[in-house]
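# A look at the structure
Take a look at the letters that make up each chain.
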Amino acid sequence: TSTMLPDGPKGKWRVTWRIIRDPRATLEDCRRRYGDPFLINALNGPLVVTGREDLIREIHGANPDNYLPFATQTIVPL
């Protein structure tokens, strides 16, 4: 099955750099531009971001096998 992912900024380098420099302002800007939820394709992998209570409840109530850990390849060298 295919999963529809929300829209978000294109590219990886710029958004990753913006998050490193000012995460709050970057996430707020993305929410204004793309809505909630939105997708960030960071250097360490794709991430769907939401602040909506209904979606947070859905995520936490879902089968954990439906989700992959985020950024595991980033910490492999450690």
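This text goes with the structure placed above it.
Residues numbered from 1 in each chain as written. Predicted model: local features only at pLDDT ≥ 70, side-chain atom pairs only at ≥ 80, totals over all residues. Heavy atoms only, no water.

## Some remarks on the nonpolar core
Of all hydrophobic cores here, the largest spans 6 residues; its members are V15, C30, F38, I40, A42 and V49. The element best represented in this core is strand 1 (residues 38-42), accounting for 3 residues. Non-local contacts of I40, meaning those with residues more than four positions away in its chain, are made with V15, I19, L27, G45, P46, L47 and V49. (Core = buried A, V, L, I, M, F, W, Y, C linked by side-chain atoms within 4.5 Å. Buried < 20%, exposed > 50% of the residue type's maximum accessible area, 1.4 Å probe, protein only. Helix = DSSP H or I, 4+ residues; strand = E, 2+ residues; numbered from the N terminus. Contact = heavy atoms within 4.5 Å.)

## Here we look at the pattern of salt bridges
With the rule as written, the count across this model stands at 7 salt bridges. Here E28 ties to R24 by a salt bridge, and the two come within 3.1 Å at their closest N and O atoms. One end of the pair is E28 and the other is R24, both in helix 2 (residues 23-34) and 4 residues apart, which spans about a single turn. Here R52 makes a salt bridge to D54, at a shortest N to O gap of 2.7 Å. Among the residues examined, R52 registers a relative accessible area of 34% and is labelled partly exposed. (Salt bridge = Lys/Arg side-chain N within 4 Å of Asp/Glu carboxyl O.)

## Observations concerning the pairing of strand 1
Of all 5 residues that make up strand 1, 4 are buried, and the element is covered over most of its length. From the end of strand 1 to the start of strand 2 (residues 45-49), which pair antiparallel, there are 2 residues. (Pairing = 2+ DSSP bridges.)

## A look at the side chain of T26
You can see T26 is positioned in helix 2. T26 has contacts with V15, R18 and I19, leaving out every residue within four places of it along the chain.

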